[in-house]
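Chain residues, written in single-letter form:
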Amino acid sequence: MILNETSVAEIKEKMVRYPRRKSAILPALTVAYHQVGHLNDDIYDEIASIIDIPAVEIAEAATFYTMFPKHPVGKYLIQVCHNISCALLGADSLVHYLEEKLGIKKGETTPDNVFTLITVECLGSCASAPMMQINDQYYEFLTREKVDAILDELRKQA
Ligand code: FES
């Protein structure tokens, strides 16, 4: 078992809130992600047996959302939006700056396992472009100076 007792109990507690079991898929994936830090086939199987839905449906939901990494990532998952609004306001340059600053390429994790950098599709914050999401937090109207301050702060907490 990958999911611990607390996560299983939390998933069961969320299940009873919904009239349809399928509605508990995303809350269950969120619980698993918060415990493990990423998702995989074994986790889909465990969730499937808890909420009694085929694992393929759990996997379908999980793979639709970039907010759930499907392999181990660093403590902080940096997701830079590269869709049109963010692209027009410098997302590419922002990604290059992050690559340079972190010493990694897009899709990689820093050797100390603190930061993973990826690009994602629109995060629904187009009016605040360019923006990125780090774990559950949005960072908007980004500049290089803001990125410096954000990474410095996160490094202190790492
Ligand atoms: S285009 Fe970046 S948040 Fe929508």
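We now turn to the structure provided with this report. All values derive from a computational prediction rather than experimental measurement.

Criteria and cut-off values
Residues numbered from 1 in each chain as written. Predicted model: local features only at pLDDT ≥ 70, side-chain atom pairs only at ≥ 80, totals over all residues. Heavy atoms only, no water. Patch = residues over 30% accessible without salt bridge, like charges linked within 9 Å, V, L, I, M, F, W, Y side chains within 5 Å. Areas by Shrake-Rupley, 256 points an atom, 1.4 Å probe, with all protein chains shown as cover. Salt bridge = Lys/Arg side-chain N within 4 Å of Asp/Glu carboxyl O. Helix = DSSP H or I, 4+ residues; strand = E, 2+ residues; numbered from the N terminus. Buried < 20%, exposed > 50% of the residue type's maximum accessible area, 1.4 Å probe, protein only. Contact = heavy atoms within 4.5 Å. Core = buried A, V, L, I, M, F, W, Y, C linked by side-chain atoms within 4.5 Å. Pairing = 2+ DSSP bridges. Axes fitted to C-alpha atoms, helices over the stretch in contact; angles between N-to-C directions. Polar contact = N/O pair within 3.5 Å; in protein donor to acceptor, adjacent residues only side chain to side chain. Expected span 1.5 Å × (residues − 1). Phe/Tyr/Trp six-rings, centres within 6.5 Å; stacked < 30°, edge-to-face > 60°.

### Describing a nonpolar patch on the surface
Line of reasoning, step 1. Taken together, the side chains of Ile84, Leu88 and Leu89 present a nonpolar region at the surface, about 360 Å² in accessible area.
Line of reasoning, step 2. Here Ile84 lies in helix H5 (residues 84–88).

### Here we look at the side chain of Ser7
Line of reasoning, step 1. The residue Ser7 is located in helix H1 (residues 5–15) in this model.
Line of reasoning, step 2. Looking at Ser7, the relative accessible area reads 5%, which means it is buried.
Line of reasoning, step 3. Leaving out residues up to four positions away in the same chain, Ser7 has contacts with Val31 and Gln35.

### Quick word on the nonpolar core
Line of reasoning, step 1. Membership of the largest hydrophobic core comes to 22 residues, with the highest contact counts inside it found for Ile11, Leu29, Leu39, Ile47, Ile51 and Ile58.
Line of reasoning, step 2. Where this core is concerned, the elements lending two or more residues are H1, helix H2 (25–36), helix H3 (41–51) and helix H4 (55–64).
Line of reasoning, step 3. Other than its neighbours up to four places away in sequence, Ile11 contacts Leu3, Ala28, Val31, Ile47, Ile50 and Ile51.
Line of reasoning, step 4. Counting residues in each nonpolar core, the second largest holds 19 residues, with Val80, Leu94, Leu98 and Ile104 among its members.

### Here we look at the sheet that holds strand E4 (residues 137–139)
Line of reasoning, step 1. Here we have 4 strands laid out as an open sheet, ordered E2-E1-E3-E4, and mixed in their pairing. The sheet is open, and its two borders are formed by strand E2 (115–120) and E4, each paired with just one other strand. The average undirected angle you get between the axes of adjacent strands in this sheet is 25°.
Line of reasoning, step 2. As paired elements, strand E3 (residues 132–134) and E4 share 3 bridges and run antiparallel to each other. In the sheet register, Ile134 faces E4, and the bridge partner there is Gln137.
Line of reasoning, step 3. Against the sheet, helix H6 (residues 91–102) makes contact with strand E1 (76–81), E2 and E3, and its axis sits at roughly 155° relative to E1, the strand it touches most.
Line of reasoning, step 4. Sheet strands touched by helix H7 (residues 144–157): E1, E2, E3 and E4. Its angle to E3, the strand with the most contacts, is close to 5°.

### Remarks on the side chain of Gln133
Line of reasoning, step 1. Note that Gln133 resides in strand E3.
Line of reasoning, step 2. Looking at Gln133, its side chain comes within polar contact range of the main-chain oxygen of Asn135, at 2.8 Å.
Line of reasoning, step 3. Each residue touching Gln133, except ones within four places of it in the same chain, is listed here: Leu77, Ile78, Gln79, Leu123 and Tyr138.

### A few points about the pairing of E1
Remark: a regular strand shows side chains that alternate across the two faces of the sheet.
Line of reasoning, step 1. Here E1 lies mainly inside the structure; 6 of its 6 residues are buried.
Line of reasoning, step 2. Going residue by residue along E1, you find Tyr76, Ile78 and Val80 tucked away on one face and Leu77, Gln79 and Cys81 tucked away on the opposite face as well.
Line of reasoning, step 3. Across 6 bridges, E1 lies against E2 in parallel orientation. Looking at the pairing, Gln79 lines up with Ile118 of E2.
Line of reasoning, step 4. Bridge analysis of E1 against E3 gives 3 bridges, and the strand direction is antiparallel.

### Considering H2
Line of reasoning, step 1. The first and last C-alpha atoms of H2 sit 16 Å apart over 12 residues, in line with the 16 Å expected at 1.5 Å per residue.
Line of reasoning, step 2. Contacts made by the buried residues of H2 are with H1, H3 and H4.

### Structural notes on the packing of aromatic side chains
Line of reasoning, step 1. This model, assessed by the stated rule, comprises 4 aromatic pairs.
Line of reasoning, step 2. Where Tyr33 meets Phe68, the ring centres are 6.0 Å apart and the plane angle is 75°; that geometry is what we call edge-to-face. Of this pair, Tyr33 sits in helix H2 while Phe68 sits in the loop between H4 and E1, placing them 35 residues apart in sequence.
Line of reasoning, step 3. Judged by relative accessible area, Tyr33 falls into the buried class, the value being 10%.
Line of reasoning, step 4. What links up through ring pairs into an aromatic cluster is the set Tyr33, Phe64, Tyr65 and Phe68.

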